[in-house]
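Per-entry structural report
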Amino acid sequence: MLDCAIIGGGPAGLTAGLYATRGGLKEVVMYEMGLPGGQITQSSEIENYPGVFREEPPLTGMELMEPWPAQCMHFGLKHEMKEVQRVRKEGDHFTVELGTESVEAKTVIVCTGSTPKRAGFKGEEEFFGRGVSTCATCDGFFYKDKEVAVLGGGDTALEEALYLANICSKVYVIHRRDSFRAAPPTVERVKRNEKIEFILNATVEEAFGDATGLQGVKIAFTDSREPMELKVPGLFVFVGNNVNNKVLQQEDGSFLCEVNEQGQVVVDLNMRTSLPGLFAAGDLRIEAPKQVVCAAGDGAIAGMQALHYIQEHELI
Ligand code: FAD
Ligand code: NAP
């Protein structure tokens, strides 16, 4: 039986593994269905993780995360590249379902983070991966010296618009209001960038194209302006995230522990969920600030608490 099963290998999961193993737990496995690192590896720049700032060129999310797994594995954390289907609790232990097999664990830390939302316009699915993207670092280069559009007005949309402006000839930022959710310094940087043009009080109604991919988007305005077509081969959609709580959903549709109406996992300051022995850390918890430094901090707390739980219940 595992001392601790960690689900997800982003900043929260890796840090949980580091603290659980350095604290003395022996059998700690992190189930991460992809390469460890989490969603920040898709970010073209990170400047708010303390101690690793680089101005030019900016530090990428991939560079930030690159050394983390080796450090965590050094202290005994094991990584299995598997997708967890579901977590159940039976008696005093947990069962982690991994498709055809399952493992038992004394404690579980869920760190499955969040994934980009779809905006919901016509053609979004049809052209996804063929012009519509949610990752500028992955796909931006396909549009070198071309015009692209970004949908959204949060930190991700504006930071990624700045990144795309380094590659593309022009970046249109389409946003449904005329004020922004993004941090004011980021908004100012975008406003100063001559390659970026705002299309405000506007929504994407439809993406259109042909077998070769996206050719443009139809834009409607929330004020009295007439709808327009914008001919762009690339549209980057950054309209927020959904929490990945599927592993906690039971066969009857209920959740293994308490979640709020947005599906975020309710935890206390020790990352304890409503179910003893089950912890949640990072972007999927209630009131998550959705920052790498906070996800890592949550992971550290959860790792220490898993150790504490095992000692307190004399499960060692
Ligand atoms: P995640 O990073 O989402 O990691 C969750 C991991 O769980 C993923 O690797 C996923 O593959 C895995 N997983 C999910 N379900 C399963 C399953 N069933 N089985 C196995 N594995 C599973 N934050 C900052 O602090 N500064 C920034 O500048 C910044 N920029 C960002 C830019 C972009 C483009 C994005 C998308 C995010 C940015 N963020 C930034 C936010 C930051 O990336 C997140 O807050 C942070 O990554 C959350 O960490 P996490 O470990 O909770 O989850
Ligand atoms: P977000 O803050 O939720 O912003 C989403 C944006 O998309 C908002 O501007 C929203 O408009 C718009 N939107 C939502 N649904 C839409 C739809 N269907 N059609 C059109 N527009 C839509 O999401 P995010 O930018 O991805 O950021 C997520 C979290 O990560 C935030 O907490 C953010 O601070 C954090 N983050 C931080 C950094 C950083 O610290 N540097 C970088 C990236 C992300 P409205 O504004 O009108 O609601």
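Residues numbered from 1 in each chain as written. Chains lettered and ligands numbered in written order. Predicted model: local features only at pLDDT ≥ 70, side-chain atom pairs only at ≥ 80, totals over all residues. Heavy atoms only, no water.

1. Describing the sheet that holds strand β12 (residues 202-210)
The criterion, for reference: Strand pairing requires that DSSP identify at least two bridges connecting the strands. Note on conventions: DSSP H or I runs of at least 4 residues are helices, E runs of at least 2 residues are strands, and numbering of each starts at the N terminus. All axes are obtained by fitting lines to C-alpha atoms, using only the stretch in contact for helices, and the reported angles, taken between N-to-C directions, cover 0 to 180 degrees.
One open sheet holds the three strands; their spatial order is β12-β13-β14, and the pairing between them is antiparallel. Because the sheet does not close on itself, it has two edges, and the strands there are β12 and β14 (228-230). The average undirected angle you get between the axes of adjacent strands in this sheet is 30°. Summarising the sheet, β12 and strand β13 (residues 213-221) pair through eight bridges and their orientation is antiparallel. Within β13, the position partnered with F208 by the bridge is G216.

2. With respect to the domain arrangement of the protein chain
Convention followed: Here the limits of each domain have been adopted from an automatic or database domain assignment. Whether two residues are in contact is decided by their heavy atoms: any pair within 4.5 Å suffices. Accessible area that two parts lose when put together, with a 1.4 Å probe and added across both, is what the buried area reports. What makes a salt bridge here is a side-chain nitrogen of Lys or Arg within 4 Å of a carboxyl oxygen of Asp or Glu, nothing more. Polar contacts here mean pairs of N or O atoms no more than 3.5 Å apart (in protein, one a potential hydrogen donor and the other a potential acceptor; neighbouring residues in sequence count only if both atoms are side-chain atoms). As a working rule, the residues Ala, Val, Leu, Ile, Met, Phe, Trp, Tyr, Cys and Pro are called nonpolar, Asp, Glu, Lys and Arg charged, and the rest polar, with Gly in that last group.
Segmenting the protein chain into domains produces domain 1 (2-115 + 241-312) and domain 2 (118-237). Just the C-alpha atoms count here: the centres of domain 1 and domain 2 sit 32 Å apart. Between domain 1 and domain 2, the residue contacts involve five residues of the former and eight residues of the latter. In total, domain 1 and domain 2 occlude about 540 Å² of area from one another, counting both sides; carbon and sulfur atoms represent 35% of this. Summed over the shared surface of domain 1 and domain 2, the result is one salt bridge. Where R189 meets E47, a salt bridge forms, and the shortest distance between an N and an O atom there is 3.8 Å. One can count one residue pair in polar contact (both at pLDDT 80 or more) joining domain 1 with domain 2. Taken together, the residues of the side of domain 1 that touches domain 2 break down into no nonpolar, three polar and two charged.

3. Here we look at helix α6 (residues 184-192)
To keep things clear, this is the line we draw: Relative accessibility thresholds used throughout: buried, under 20% of the residue-type maximum; exposed, over 50%; partly exposed, between the two (1.4 Å probe, protein chains only). Here, the arc refers to the directions that run from the helix axis to the C-beta atoms.
Along α6, the residues classified as buried are T186, V187 and V190. An end-on view of α6 places all buried positions within 100° of arc, on one side of the element. Opposite the buried face of α6, at more than 90 degrees from it, the exposed residues are P184, P185 and R192. Looking at the buried residues of α6, the elements they touch are α5 (155-165) and β11 (196-200).

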